[in-house]
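One-letter residues, chain by chain:
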Amino acid sequence: MNKVRYSPLPQQFADVDAVFDGIRELVASGDFTLGKAVGEFELAFAEKMGMKHASGVGSGTDSLKLPLKALGVGPGDEVITCANTFIATVGAINELGARPVFVDCDDTFCLRAEEIEAAITPRTKAIMPVHLTGEVANMPAIMEIATRHGLPVVEDACQSMMSELDGKKAGSWGIAAGFSMHPLKLINVWGDAGIIVTDDDAMNANLRMLRNHGLANRDEVKILGYNTRLDSLQAIVGSWMLGQIDEIVAGRREAAAFYDRGFADTPELRIPERRQSVLHTYLLYIVFAEERDALLEHCLQSGIEAKIHYPVPLYQQEGLARFGYRAGDFPTTDRHAREMITFPVDSYLSRAEQEHVIGTVRSFYESRRT
Ligand SMILES: *Cc1c(COP(=O)(O)O)cnc(C)c1O
């Protein structure tokens, strides 16, 4: 065993004749813009999520931006979100001229519900919890706070498609939720794509105009919008992937359980609590490691493509300096940046590859102990 790759994409797309058949049909039809392929994918996705509506957009970022825009978020407004998220969450808020107001996470990698209230100001316009890594944020508590303050909740479910808390899916709690289909997400398309779910008819009508220049129909511009339609080609790939989603989730969960067992007797590694109430989809398999940097180096040298999600906390990034946060503002986010390590996890990973990862980690710590 000399290499454990991170990305399963070449295996995922080894046999895609069915996708090319769909693309050939699309090209012959000329139905490129918000046509049959997009409509079919949206219907199937909404049904899979158990939601009334799904609207495809150009990226995961836009799947967050559009619901906020529909809620009237704009310059001078604040949106409460998590300090340790991926940049796209903040990008979506910032594109509307609003300000991200951060709350720290806990060891679920999602925001601490109990710290939300202290972050609410008269300018707060929405709460955007992020379901990170395949985990689910504490939505019952978040919805209770939001309801009490009359604030809408838009979920960033980009990393947690198909995850559940108390049998209820990530993305089904707030007024709307965005999912990404970027190649690193659960459903990977061949470029960028996102999809928004909602049960709210008015929100849905707004989203469908916002993604298509604000057009209500061919001749009427009802509002000012964007050009961020789901590409028909990506909808064909998305539909093909959606047909495999249960196996993808099952494969990730099996691989994660295998790691959990393999790492259980390595005291230098701490596995995050596996909550009974959560159906975790393991978009990322993350554990907390002692001597993390040395372990990462050892893994890379042993051919294992381990990663850090994310090495520099977002709130400390240069590009976000204007928001005025300082190192130390979010202690759990900071600790995670020092202790986290991500191992490859997906439905194509072999048990032999996982044994190599587990053995490499074990021998690293054994050599340190003696
Ligand atoms: C991937 C991701 C997004 C969306 O990113 P896109 O590249 O625009 O699809 C948003 N939030 C989080 C937490 C993500 O991981």
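Preceding this section is the structure that the text describes.
Since the structure is predicted, the reported quantities are computational estimates derived from the model, not experimental observations.

Student: Tell me about helix H3 (residues 36–49), and please be specific about residues and values.
Tutor: Between the first and last C-alpha of H3 there are 20 Å, a value that for 14 residues agrees with the 20 Å anticipated at 1.5 Å per step. Of the positions making up H3, those classed as buried are Ala37, Val38, Phe41, Glu42, Phe45, Ala46 and Met49. For H3, the buried positions fall inside an angular range of 155° around the axis, keeping them on one side. Among the exposed residues of H3, those oriented more than 90 degrees off its buried face are Leu43 and Glu47. Structurally, H3 contributes buried residues whose contacts are with strand S1 (53–57), strand S7 (168–169), strand S8 (176–180), strand S9 (194–198), helix H7 (201–210) and helix H8 (232–242). Positive phi shows up at Gly50, right after H3, with a value of about 70°.

Student: Please set out empty space enclosed by the protein residue by residue, giving values where relevant.
Tutor: The full count for this structure, using the stated rule, is two cavities of 30 Å³ or more. By volume, the largest cavity is sized at about 100 Å³. In terms of lining residues, the largest cavity is bounded by 13 residues, among which Asn84, His309, Tyr310, Thr333 and Met340 are the most central. Considering each element in turn, the lining of the largest cavity owes the most residues, three residues, to helix H11 (residues 331–339). Looking at side-chain class alone, the lining of the largest cavity contains eight nonpolar, five polar and no charged residues.

Student: Provide a residue-level description of helix H12 (residues 351–369), including the pertinent values.
Tutor: Look at H12: 27 Å from first C-alpha to last across 19 residues, which is about the 27 Å you get at 1.5 Å a residue. Listing the buried residues of H12 in full gives Glu353, Gln354, His356, Val357, Ile358, Thr360, Val361, Phe364 and Tyr365. Buried residues along H12 sit in contact with helix H9 (245–263), strand S12 (269–270), strand S14 (285–289), helix H10 (292–301) and strand S15 (340–343).

Student: Describe the site of the ligand, and please don't skip the residues or the numbers.
Tutor: Neighbouring residues of the ligand: 16 residues in total, closest Thr61, Asp156, Gln159, Ser180 and Lys185. Contacts to the ligand include Gly60, whose backbone N or O atom sits 3.0 Å from an oxygen atom. Look at the ligand: alone it shows 380 Å² of surface, and the protein chains cover 93% of it. If you map the ligand onto the pockets, it falls in the largest pocket. Where the shell around the ligand is concerned, the elements lending two or more residues are helix H4 (60–70) and helix H5 (87–95). Per-element tally for the shell around the ligand: the top contributor is H4, with three residues. Among the residues making up the shell around the ligand, the classes are represented as six nonpolar, eight polar and two charged.

Student: I'd like to hear about the sheet that holds S15, residue by residue, with values.
Tutor: Within the open sheet, the three strands sit side by side as S12-S14-S15. Their pairing is antiparallel. The open sheet is flanked by S12 and S15, the only strands paired with a single partner. Bridging between S14 and S15 involves four bridges; their strand directions are antiparallel. Bridging across to S15, Ile286 finds its partner in Thr342. In the packing of H9 onto the sheet, contacts are made with S12, S14 and S15, and the angle to S14 comes to roughly 20°. Against the sheet, H11 contacts S12, S14 and S15, and its axis sits at roughly 55° relative to S15.

Student: Tell me about the side chain of Thr124, and please be specific about residues and values.
Tutor: Inspection of the secondary structure puts Thr124 in strand S4 (residues 124–127). Those residues in contact with Thr124, other than ones at most four positions away along the chain, are Glu78, Ile80, Ala119 and Leu151.

Student: Mind laying out the packing of aromatic side chains, listing which residues take part and the relevant values?
Tutor: Summed over the entire model, instances satisfying the criterion amount to 19 aromatic pairs. Ring pairs connect the aromatic residues Tyr259, Phe263, Tyr282, Tyr285 and Phe343, which therefore count as one cluster. Its guanidinium or amino end placed over the ring of Trp173, Lys168 lies 5.2 Å from that ring's centre, counting from NZ or CZ. The positively charged end of Arg335 is found above the aromatic ring belonging to Phe288, 6.0 Å away from the centroid.

Conventions used here
Residues numbered from 1 in each chain as written. Predicted model: local features only at pLDDT ≥ 70, side-chain atom pairs only at ≥ 80, totals over all residues. Heavy atoms only, no water. Helix = DSSP H or I, 4+ residues; strand = E, 2+ residues; numbered from the N terminus. Expected span 1.5 Å × (residues − 1). Buried < 20%, exposed > 50% of the residue type's maximum accessible area, 1.4 Å probe, protein only. Arc of directions from axis to C-beta. Contact = heavy atoms within 4.5 Å. 1 Å grid on protein atoms, 1.4 Å probe; cavity = no way out; pocket = protein on both sides within 12 Å on 5 of 7 lines; lining within 4 Å. Points joined across faces, edges and corners; volume = space filled by probe spheres on them. Nonpolar A, V, L, I, M, F, W, Y, C, P; charged D, E, K, R; others polar. Near = heavy atom within 4 Å. Polar contact = N/O pair within 3.5 Å; in protein donor to acceptor, adjacent residues only side chain to side chain. Areas by Shrake-Rupley, 256 points an atom, 1.4 Å probe, with all protein chains shown as cover. Sits in = over half its atoms within 2 Å of the grid points. Pairing = 2+ DSSP bridges. Axes fitted to C-alpha atoms, helices over the stretch in contact; angles between N-to-C directions. Phe/Tyr/Trp six-rings, centres within 6.5 Å; stacked < 30°, edge-to-face > 60°. Lys NZ or Arg CZ within 6 Å of the ring centre and 35° of its normal.

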